[in-house]
Amino acid sequence: MAAQGATMANKGPSYGMSRQVQDKIEQKYDPELEVRLVEWIMAQCGSGVGKPEAGKLGFQAWLRDGCILCELINSLCKDKPVKKIQSSSMAFKQMEQVSQFLNAAEKYGVTKTDMFQTVDLWEGKDLAAVQRTLMALGSIAVTRDDGSFHGDPNWFFKKAQENRRDFSDEQLKEGKNVIGLQMGSNKGASQSGMTGYGRPRQIMNP
């Protein structure tokens, strides 16, 4: 119960069990993923976005005011969902821009379960969640294949394959063949094979 209480209290100061919960969250942050995401954002948005200092704090500082995130979503959408991107030192303006990115990302197709909360980035509460959102965004962009994606498509998994990350290309091809055969046999099923509904099934007779 104490652990549950600490989880509930993680909005407060990080001490005791809350500190342990925060440490576990921080362990999910992937430095290799950070490198990949930085490379993609620079390829997607252009060199004007600069490059952050290596490490979690540098990654957070780079994205914190929402400007680069808004540039990113605009670069993926023909209709440029964020109409005004403006650098500001005011906290509420920065958080507002992060929220605009999140709203646009959700409309783009990122699911709520893959979406970080503004405080996750702004206060550094869960930067692994920020990585998860950006990976989901990149995966959708690669899957759409509408010419908006820039960078290496191999950095992301197409959404249709995201649950099969550990399979080789050969295994994926074999899987597609099996699915094709199953679909073929279903198509071949005759209507007469379906007339048994409503009749007593023979195997149930004594």
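Parameters at a glance
- Residues numbered from 1 in each chain as written.
- Predicted model: local features only at pLDDT ≥ 70, side-chain atom pairs only at ≥ 80, totals over all residues.
- Heavy atoms only, no water.
- Helix = DSSP H or I, 4+ residues; strand = E, 2+ residues; numbered from the N terminus.
- Buried < 20%, exposed > 50% of the residue type's maximum accessible area, 1.4 Å probe, protein only.
- Contact = heavy atoms within 4.5 Å.
- Areas by Shrake-Rupley, 256 points an atom, 1.4 Å probe, with all protein chains shown as cover.
- Core = buried A, V, L, I, M, F, W, Y, C linked by side-chain atoms within 4.5 Å.
- Patch = residues over 30% accessible without salt bridge, like charges linked within 9 Å, V, L, I, M, F, W, Y side chains within 5 Å.
- Salt bridge = Lys/Arg side-chain N within 4 Å of Asp/Glu carboxyl O.
- Lys, Arg positive; Asp, Glu negative; His and termini not counted.
- Charge placed at Lys NZ, Arg CZ, Asp CG, Glu CD.
- Axes fitted to C-alpha atoms, helices over the stretch in contact; angles between N-to-C directions.
- Parallel < 35°, antiparallel > 145°, perpendicular 65-115°, else oblique.
- Left-handed = near helix turned anticlockwise from the far one by under 90°.
- Nonpolar A, V, L, I, M, F, W, Y, C, P; charged D, E, K, R; others polar.
- Expected span 1.5 Å × (residues − 1).
- Phe/Tyr/Trp six-rings, centres within 6.5 Å; stacked < 30°, edge-to-face > 60°.

Q: So what exactly am I meant to see when it comes to the overall build of the chain here?
A: Summing up its helical and strand segments, the chain has 9 helices and 0 strands in all. Secondary structure elements of the chain, listed N to C terminal, follow the sequence α-α-α-α-α-α-α-α-α. For the chain, the residues scored as buried account for 34% of the 206 residues in total. Of all intrachain contacts in the chain linking residues separated by at least 6 positions in sequence, the fraction that spans at least 24 positions is 52%. Summed over its atoms, the accessible surface of the chain is roughly 13500 Å², and 53% of this surface lies on carbon and sulfur atoms.

Q: Honestly, the nonpolar core in this entry has me stumped. Any pointers?
A: Looking at soluble globular proteins, one finds that nonpolar side chains tend to be buried together. Core analysis: the largest hydrophobic core is formed by 41 residues, its most contacted members being Trp40, Leu63, Phe101, Leu134 and Leu137. With 10 residues, the top contributor of residues to this core is helix H8 (residues 127–144). Filtering out sequence-adjacent residues up to four positions away, Leu137 remains in contact with Trp40, Leu72, Ile73, Leu76, Phe101, Ala105, Tyr108 and Val110.

Q: Got a minute to help me understand the side chain of Ser148 in this structure?
A: With respect to the helices and strands, the residue Ser148 is situated in the loop between H8 and helix H9 (169–188). Those residues in contact with Ser148, other than ones at most four positions away along the chain, are Gln44, Ser75, Leu76 and Lys78.

Q: I'm lost on a positive patch on the surface in this one. Help?
A: Together, Lys78, Lys80, Lys83 and Arg144 give the surface a local cluster of positive charge. With respect to the helices and strands, the residue Lys80 is situated in the loop between helix H5 (67–76) and helix H6 (91–108).

Q: Teacher, can you tell me more about the packing of H5 against H8 here?
A: Helices that pack against each other are described as a pair by the angle of their axes relative to one another and the distance between those axes. With their axes 11 Å apart at the nearest point, H5 and H8 run at an angle of 15° to one another. Relative to H8, H5 is oriented roughly parallel. When you trace H5 past H8, the crossing you get is left-handed. Mapping the contact onto sequence places Leu69, Leu72, Ile73 and Leu76 in H5 and Leu134, Leu137 and Ala141 in H8. Taken together, the residues that form the contact of H5 with H8 break down as 7 nonpolar, no polar and no charged.

Q: Even after reading the chapter, I still don't get unusual backbone geometry, so can you show me in this structure?
A: Glycine aside, residues mostly have negative phi, and peptide bonds are mostly found in the trans state. The phi dihedral of Lys80 is positive, around 45°, even though this residue is not glycine. The phi torsion at Asp145 lies on the positive side, around 50°, for a residue other than glycine. Tracing the sequence through the fold places Asp145 in the loop between H8 and H9.

Q: Would you take a moment to explain H5 for this structure?
A: For the α-helix, the turn length of 3.6 residues means that residues three or four positions removed from each other point alike. Among the 10 residues that make up H5, 8 are buried, leaving the element largely enclosed by the rest of the structure. Its buried side turned inward, H5 meets helix H3 (31–45), helix H4 (56–63), H6, helix H7 (118–122) and H8.

Q: It is not clear to me how the environment of Val38 should be interpreted in this structure. Could you clarify?
A: Considering the arrangement of structural elements, one finds Val38 in helix H3. In the structure, Val38 is positioned 24 residues away from Trp62 in sequence and 9.7 Å away in space, judged by C-alpha atoms. In this structure, Val38 is in contact with Lys51, Pro52, Phe59 and Trp62, ignoring residues within four places of it in sequence.

Q: Mind showing me how you'd approach H8 here?
A: The terminal C-alpha atoms of H8 lie 26 Å apart, and with 18 residues this matches the ideal 26 Å at 1.5 Å per residue to within 8%. Counting buried residues along H8, 15 of its 18 residues qualify, which places the element largely inside the surrounding structure. Downstream of H8 by one or two residues, Asp145 has phi in the positive range, about 50°.

Q: What is the right way to read the packing of aromatic side chains from this model?
A: Aromatic ring pairs are described here by two measures, namely the spacing of the ring centres and the angle between the planes. For the coordinates displayed, the defined rule picks out 5 aromatic pairs. Here Trp40 and Phe156 contribute two aromatic rings whose centre-to-centre distance is 4.9 Å and whose plane-to-plane angle is 75°, an arrangement assigned as edge-to-face. With a gap of 116 residues between them, Trp40 in helix H3 and Phe156 in the loop between H8 and H9 connect regions that are remote in the sequence. Comparing Trp40 with Phe156, the two get one shared label, buried. Ring centres of Phe149 and Phe156 lie 5.9 Å apart, and the angle between their planes is 90°; this geometry places the pair in the edge-to-face category. Take Phe149: its relative accessible area is 16%, and that puts it in the buried class. Through successive ring pairs, a cluster of aromatic residues spans Trp40, Phe149 and Phe156.

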